[in-house]
Amino acid sequence: YKVQPHVFAVIDKIANLIARLGVTVWNTRPSEGDIRDRNGAYASLMQDPCLTVDKFHFYHWVATTFEIYGEAYLVKNRDPDTRKIVSLVPMHPALTQIKRDENGSLLYQFMGMPNMWLPETEVVPFRRYNPDNTMRGLSRLEPLRLTLLNEDGARRAQDSWWREMGRP
């Protein structure tokens, strides 16, 4: 992502498009039908999800991180008195540890908050399918990374062949 301009351009374009999308919350109670919720607590949270960054940059970060790592995690920041969610705090996947407790539930530890394991009820995980691991996501860039490494190896071998005049 950092050194491949084409990969950067594609991921940044996807993230910009996602960040510009409006987030709509629907009330789907059977008694009321599908009504767009503009003033509820969840609708307010989705319109201003993070206290530290604006809405566009928050959704841009989530989309970019999800595309690069195949996963993104958000911690629910609760009001200490009411226990209601007031914001979402991004957790970088590279700084997040995941393990299972004795009951099989997931626990998350963000290295930005040492010695604090969070239960899965306090974390919003976004994960792509990973055939090797159910706790971590797999990036779409993983197959591309191997392709780029193979292409680089083939170019180096070809260059060496001509430079060494066909000698090993």
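Preceding this paragraph is the structure being described.
Summarised in this report is the structure supplied together with it. Model, not experiment: these values are computed from the prediction.

### Here's the deal with the overall build of the protein chain
Helix and strand content of the protein chain: four helices and eight strands. Against the compact-globule benchmark of 15 Å for 168 residues, the protein chain has a radius of gyration of 21 Å, which places it well outside the compact range. Principal axes of the C-alpha set define a box for the protein chain whose edges measure 80 × 40 × 30 Å. Scored against the burial criterion, the 168 residues of the protein chain give a buried share of 29%. Long-range contacts, defined as pairs at least 24 residues apart, comprise 46% of the intrachain contacts of the protein chain with a sequence gap of at least 6. For the protein chain, the accessible surface area stands at approximately 11700 Å², while carbon and sulfur atoms represent 57% of it. Counting 22 positive and 20 negative side-chain charges, the protein chain places the centres of these two groups 3 Å from one another.

### Re the sheet that holds strand β6 (residues 106-110)
What the three strands build is an open sheet, ordered β5-β6-β7; its pairing is antiparallel. Strands at the two margins of the open sheet, each flanked by one partner only, are β5 (96-100) and β7 (117-119). In this sheet, neighbouring strand axes are inclined to one another by 30° on average, regardless of whether the strands run parallel or antiparallel. Note: β6 against β7, three bridges, orientation antiparallel. Among the inter-strand pairings, Tyr108 is bridged to a residue of β7, identified as Leu118.

### So, the packing of aromatic side chains
For any pair of aromatic rings, the description consists of the separation of the ring centres together with the inter-plane angle of the planes. Taken as a whole and judged by the stated rule, the model has two aromatic pairs. When the ring of Phe58 is compared with that of Tyr59, the centres are 5.3 Å apart and the planes differ by 75°; the resulting orientation is edge-to-face. Considered together, Phe58 and Tyr59 belong to a single accessibility category, that of buried residues. Centre to centre, the rings of Tyr73 and Tyr108 are 5.6 Å apart; their planes meet at 55°, and the pair counts as tilted. Residue Tyr73 is found in strand β3 (residues 71-78), and its partner Tyr108 is found in strand β6; the two are separated by 35 residues along the sequence. Per residue, the accessibility class of Tyr73 equals that of Tyr108, and both read buried. Above the plane of the ring of Trp117 lies Lys99, whose end atom (NZ or CZ) is 4.5 Å from the centre.

### Focus on the pattern of salt bridges
Under the criterion given, the structure shown has six salt bridges. Its salt-bridge partner being Glu67, residue Arg128 comes within 3.0 Å of it at the nearest N-O pair. Residue Arg128 is found in the loop between β8 (123-127) and α4 (141-163), and its partner Glu67 is found in helix α3 (residues 55-69); the two are separated by 61 residues along the sequence. Exposure remark for Arg128: the relative accessible area of 19% places this residue in the buried category. Overall, Glu67 belongs to the buried group, its relative accessible area being 8%. With a shortest N-O distance of 2.8 Å, Glu122 and Arg78 are connected by a salt bridge.

### With respect to the side chain of Thr64
Counting through the fold element by element, Thr64 comes out in helix α3. A relative accessible area of 10% means that Thr64 is categorised as buried. Once residues lying within four places of it in the same chain are set aside, the contact partners of Thr64 are Tyr1, Ile11 and Ala15.

### What about the sheet that holds strand β4 (residues 85-91)?
A sheet is described by the order of its strands in space; here three strands give the open sequence β4-β3-β8, paired in antiparallel fashion. Single-partner strands in this sheet number two, and they are β4 and β8. Averaged over all adjacent pairs, the angle separating strand axes in this sheet is 25°, with direction ignored. Here β3 runs beside β4; their pairing, made up of six bridges, is antiparallel. When the bridges of β4 are listed, Lys76 appears paired with Leu88. Sheet contacts for α3: β3, β4 and β8; angle to β3, the most-contacted strand, approximately 140°.

Rules behind the numbers
- Per chain, residue numbering runs from 1 following the sequence as it is written.
- Restriction of local features to residues with pLDDT of at least 70 applies here, the model being predicted, together with a cutoff of 80 or more for giving and counting side-chain atom pairs; totals for whole chains, interfaces and linings are based on all residues.
- With hydrogens and water excluded, all non-hydrogen atoms of the structure serve as input to the side-chain values.
- Helix and strand assignments follow DSSP, with helices taken as H or I runs no shorter than four residues and strands as E runs no shorter than two, numbered in order from the N terminus.
- The quantity called the radius of gyration is restricted to C-alpha atoms. Its globule counterpart is 2.2 Å times the number of residues to the power 0.38.
- Each residue is assigned to one of three classes by its accessible area relative to the maximum for its type, calculated with a 1.4 Å probe on protein chains only: buried under 20%, partly exposed between the two thresholds, exposed over 50%.
- Contacts: residue pairs with any heavy atoms within 4.5 Å of one another.
- Method for areas: the Shrake-Rupley scheme with a 1.4 Å probe, in which residue coverage is limited to the protein chains shown.
- None of His or the chain ends enter the tally, which takes Lys and Arg as positive and Asp and Glu as negative.
- In plain terms, the charge of a residue is placed at NZ if it is Lys, CZ if Arg, CG if Asp and CD if Glu.
- Pairing between strands is defined by DSSP: at least two bridges between the two strands are required.
- Note on definitions: angles span 0 to 180 degrees between N-to-C directions of axes, and those axes are lines fitted to C-alpha atoms, for helices only across the stretch in contact.
- Here the aromatic set is Phe, Tyr and Trp, taking the six-membered ring for Trp, and pairing holds for ring centres within 6.5 Å; pairs whose planes are under 30 degrees apart are stacked, those over 60 apart are edge-to-face, and all others are tilted.
- Over a ring means this: the NZ of a Lys or the CZ of an Arg is within 6 Å of the ring centre and within 35 degrees of the ring normal.
- Whenever Lys or Arg places a side-chain nitrogen within 4 Å of a carboxyl oxygen from Asp or Glu, that contact is recorded as a salt bridge.

These figures come from the coordinates and say nothing about function on their own.
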